[in-house]
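# Summary of structural features
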Amino acid sequence: MQLNLFASQVSALVPVSLPDADVRYQSDWIAPAEAIQLFERLQQELPWRQDTIKLYGREVNIPRLQSWHGAPHCEYTYSNLCMSPAPMSPILVKLQQRLSSELGAPFNCVLANWYRDGNDGMGMHADDEPELGTKPVIASVSLGYPRRFSFKHLGNGQRTDLLLESGSLLVMAGDTQRHYHHGLSKTRKPTGGRINLTFRYIPASTTPALEGNE
Ligand SMILES: O=C(O)CCC(=O)C(=O)O
């Protein structure tokens, strides 16, 4: 089935009220039916991997599956694990091009995370690796089960939660990574699968060593 990622949307990105940050959100960046198709397609097509990290001397599975894609120079390294980028699949290229055109920012790599259920999540962290520059623009597309995404202000500890819905787009820009950590909590509630795509840009002139998260 053909995905129409360019279907016109009525709403647009709206600013999220977070001091010292530039965060915007659009709940319906992709129409609901299309988001489900896209979820299923990515679930089947991407070369998902179960990676492990060393924690207190033991190898443990990270709580999600992931897949790293991008230009050949975009290496992704964390906890002694170095991921070479798989090529962008046609569907990822389509999303990348739409994001670049709508946001006026370049993107050349994407981390795909598949949270299979509520036992999967991502610890609090900032996407603040030097390779991403001082004010990176991170475009995060969510598909599947809605999940709670949290920001924590590094100065005053203030926590702000956002429900990331299927088909939504969250854009983090400006000083967001300098002043906030963000993450995806695990939950005991019955929870379906969710795929998240975070598009980023790494200039070819740097040797990237992106720090990953538990
Ligand atoms: O799944 C999410 O919404 C969070 C992803 C994330 O924080 C990241 O890829 O750095």
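Since this is a predicted model, take the numbers as computed values, not measurements. (Residues numbered from 1 in each chain as written. Predicted model: local features only at pLDDT ≥ 70, side-chain atom pairs only at ≥ 80, totals over all residues. Heavy atoms only, no water.)

Take the pairing of strand β13 (residues 168–173) next. Among the six residues that make up β13, six are buried, leaving the element largely enclosed by the rest of the structure. Looking at chain direction, strand β2 (residues 22–26) and β13 are connected through five bridges and run antiparallel. Residue pairing for β13: Gln 26 is matched across the bridge by Leu 169. Here five bridges tie strand β10 (residues 138–144) to β13, and the two strands are oriented antiparallel to one another. The partner of Ile 138 across the bridge, within β13, is Met 172. (Buried < 20%, exposed > 50% of the residue type's maximum accessible area, 1.4 Å probe, protein only. Helix = DSSP H or I, 4+ residues; strand = E, 2+ residues; numbered from the N terminus. Pairing = 2+ DSSP bridges.)

Below, the discussion takes up helix α2 (residues 90–103). Residue pairs three or four apart in sequence face the same way in an α-helix, which turns once every 3.6 residues. Look at α2: 20 Å from first C-alpha to last across 14 residues, which is about the 20 Å you get at 1.5 Å a residue. What α2 keeps buried is the set Ile 91, Leu 92, Leu 95, Gln 96, Arg 98 and Leu 99. Looking down the long axis of α2, one finds its buried residues gathered within 165° of arc, a one-sided arrangement. For α2, exposure combined with an orientation more than 90 degrees from the buried face picks out Pro 90 and Ser 101. Buried-residue contacts for α2 involve α1 (32–45), β5 (65–70), β8 (109–115), β10, β13 and β15 (194–200). At the exit of α2 stands Gly 104, carrying a positive phi of roughly 65°. (Expected span 1.5 Å × (residues − 1). Arc of directions from axis to C-beta. Contact = heavy atoms within 4.5 Å.)

For the rest of this paragraph, the subject is unusual backbone geometry. A positive phi angle is found at Asp 20, which is not glycine, with a value near 70°. As for its placement among the helices and strands, Asp 20 is situated in the loop between β1 (14–15) and β2. Residue class for Asp 20 comes out partly exposed when judged on its relative accessible area of 44%. Phi angles above zero are rare outside glycine, and Tyr 56 is one such case at about 50°. Mapped onto the elements of the fold, Tyr 56 is located in the loop between β3 (52–55) and β4 (58–61).

The next point concerns the packing of aromatic side chains. In total, this model carries three aromatic pairs according to the counting rule given. Geometrically, the ring pair formed by Phe 149 and Phe 151 is edge-to-face, given 5.2 Å between the ring centres and 80° between the ring planes. Seen in terms of ring centroids, Phe 151 and Tyr 180 are 6.0 Å apart; in terms of plane orientation they differ by 85°. Their pairing is edge-to-face. Note that Phe 151 is positioned in strand β11 (residues 147–153) and Tyr 180 in strand β14 (residues 180–184), a separation of 29 residues in sequence. (Phe/Tyr/Trp six-rings, centres within 6.5 Å; stacked < 30°, edge-to-face > 60°.)

The immediate surroundings of the ligand are formed by 13 residues, with Tyr 115, His 125, His 182, Arg 194 and Arg 200 found nearest. His 125 places a side-chain nitrogen or oxygen 2.9 Å from an oxygen atom of the ligand. The side chain of His 182 places a nitrogen or oxygen atom 3.1 Å from an oxygen atom of the ligand. Considering the ligand on its own, with 290 Å² of exposed area, one finds that the protein chains cover 99% of that surface. Within the residue set of the shell around the ligand, elements represented by two or more residues are β8, β9 (122–125) and β15. Per element, the largest residue contribution to the shell around the ligand is four residues, and it comes from β15. Of the residues assigned to the shell around the ligand, the class counts are five nonpolar, five polar and three charged. (Near = heavy atom within 4 Å. Polar contact = N/O pair within 3.5 Å; in protein donor to acceptor, adjacent residues only side chain to side chain. Areas by Shrake-Rupley, 256 points an atom, 1.4 Å probe, with all protein chains shown as cover. Nonpolar A, V, L, I, M, F, W, Y, C, P; charged D, E, K, R; others polar.)

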